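Coordinates in review
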Amino acid sequence: QKEVEQDPGPLSVPEGAIVSLNCTYSNSAFQYFMWYRQYSRKGPELLMYTYSSGNKEDGRFTAQVDKSSKYISLFIRDSQPSDSATYLCAMDRGSTLGRLYFGRGTQLTVWP
Amino acid sequence: DTEVTQTPKHLVMGMTNKKSLKCEQHMGHRAMYWYKQKAKKPPELMFVYSYEKLSINESVPSRFSPECPNSSLLNLHLHALQPEDSALYLCASSQPHRELRNSPLHFGNGTRLTVT
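Keep in mind that what you see is a predicted model, and the values were worked out from it rather than measured. (Residues numbered from 1 in each chain as written. Chains lettered and ligands numbered in written order. Predicted model: local features only at pLDDT ≥ 70, side-chain atom pairs only at ≥ 80, totals over all residues. Heavy atoms only, no water.)

This paragraph deals with the sheet that holds strand S8 (residues 71–76) of chain A. By definition, the strands of a sheet pair up through backbone hydrogen bonds, in either a parallel or an antiparallel sense. All names here are of chain A. Pairing is antiparallel across the open sheet formed by five strands, whose spatial order is S1-S3-S8-S7-S6. Looking along the sheet, the strands with just one partner apiece sit at the ends: strand S1 (4–6) and strand S6 (54–58). Taken over all neighbouring pairs, the strand axes of this sheet differ in orientation by 15° on average, direction set aside. Inspection of the sheet shows strand S3 (residues 19–25) paired to S8 by six bridges, in the antiparallel sense. Paired with Val19 across the strands is Ile76, a residue of S8. (Pairing = 2+ DSSP bridges. Helix = DSSP H or I, 4+ residues; strand = E, 2+ residues; numbered from the N terminus. Axes fitted to C-alpha atoms, helices over the stretch in contact; angles between N-to-C directions.)

Written as structure tokens, this is what we have:
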């Protein structure tokens, strides 16, 4: 079993839809949770960064962490064609060395 | 634009060539990383530098040689690579201490390497 599981999709939605992206994990030592967006031929861009359980909102994006269920989510409201990208969840145990454990990434297409 | 800059953006090299990838960050971070990403796969950690000292080498073959000349620069020296080493090489930076609680990794846009 991989430490971080993420459905690779692809996921295709119409413009304006609410998108839900999810990851599950098995290591209870994970404390920091991130979502990265990666456009084709670009590096991962940090979208959301959360510590422990709870919700965090930034504009159209909301990140949720449920440590009891070992489950994290990213919601995108009013999705736009410019949101079309691969979304990677990542997490780490809070060591000083910043080793990240990534999900496989979910490929999202938002069509006009 | 990303605050982690990588050069070159693209590199094609033969198996007998020697080349270097360069990374520069202007975020005041003291930890820097090299990751390798193959198509449709997540990034894989190669090396971690913390305070300019090599902290992690993920059993990377010696044909990849990292160097951290100062706190804002990171190089990856390449020699005698194989075609299977073709990938996107990503540099990232962060603060090394998690006590800050707000220092995630920031990535550059990578160097797309093709080994012929």
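Structure's up, so let's keep going.
Attention now moves to the interface of chain B and chain A. The interface is formed by 27 residues belonging to chain B together with 24 residues belonging to chain A. In this assembly, chain B packs against chain A so that about 2,100 Å² is buried in total across both faces, 55% of it on carbon and sulfur atoms. Linking chain B with chain A are zero salt bridges. Across the contact surface, chain B and chain A share three residue pairs in polar contact (both at pLDDT 80 or more). Elements represented by at least two residues in the side of chain B that touches chain A include exactly strand S4 (31–37), strand S5 (44–50), strand S6 (53–57), strand S9 (87–94) and strand S10 (106–107) of chain B. Residue composition of the side of chain B that touches chain A, grouped by class: 13 nonpolar, nine polar and five charged. (Contact = heavy atoms within 4.5 Å. Buried area = accessible area lost by both parts, 1.4 Å probe. Salt bridge = Lys/Arg side-chain N within 4 Å of Asp/Glu carboxyl O. Polar contact = N/O pair within 3.5 Å; in protein donor to acceptor, adjacent residues only side chain to side chain. Nonpolar A, V, L, I, M, F, W, Y, C, P; charged D, E, K, R; others polar.)

The biggest cluster of nonpolar side chains holds 25 residues, and the ones touching the most others in it are A:Val4, A:Trp35, A:Ile72, A:Leu74, A:Ile76, A:Tyr87 and A:Met91. Where this core is concerned, the elements lending two or more residues are S3, strand S4 (32–38), strand S5 (45–51), strand S7 (61–66), S8, strand S9 (85–92) and strand S11 (106–111) of chain A. Within the second largest apolar cluster, 22 residues are counted, among which are B:Met13, B:Trp34, B:Leu74 and B:Tyr89. (Core = buried A, V, L, I, M, F, W, Y, C linked by side-chain atoms within 4.5 Å. Buried < 20%, exposed > 50% of the residue type's maximum accessible area, 1.4 Å probe, protein only.)

Tallied over the entire structure, the rule returns two disulfides over all chains. Through a disulfide, A:Cys23 is tied to A:Cys89; the S-S separation comes to 2.0 Å. Taking the torsion about the sulfur-sulfur bond, which here is approximately -105°, the covalent link between A:Cys23 and A:Cys89 counts as left-handed. Taken together, the positions of A:Cys23 in strand S3 and A:Cys89 in strand S9 put the pair 66 residues apart, joining distant regions of the chain. The exposure class of A:Cys89 is buried, given its relative accessible area of 0%. Linked covalently through their sulfurs, B:Cys23 and B:Cys91 form a disulfide whose S-S length is 1.9 Å. With the S-S bond torsion at -70°, the cross-link from B:Cys23 to B:Cys91 turns out left-handed. Here B:Cys91 lies in strand S9 and B:Cys23 lies in strand S3 (residues 18–25), a separation of 68 residues in the sequence. (Disulfide = S-S within 2.5 Å.)

All names here are of chain A. For the structure on display, the rule yields 11 aromatic pairs over all chains. Taking 5.4 Å as the distance between ring centres and 45° as the angle between the ring planes, the aromatic pair formed by Tyr25 and Phe33 counts as tilted. We note that Tyr25, like Phe33, is buried. Here a set of aromatic residues connected by ring pairs shows up, and it is made of Tyr25, Phe30, Phe33 and Tyr101. (Phe/Tyr/Trp six-rings, centres within 6.5 Å; stacked < 30°, edge-to-face > 60°.)

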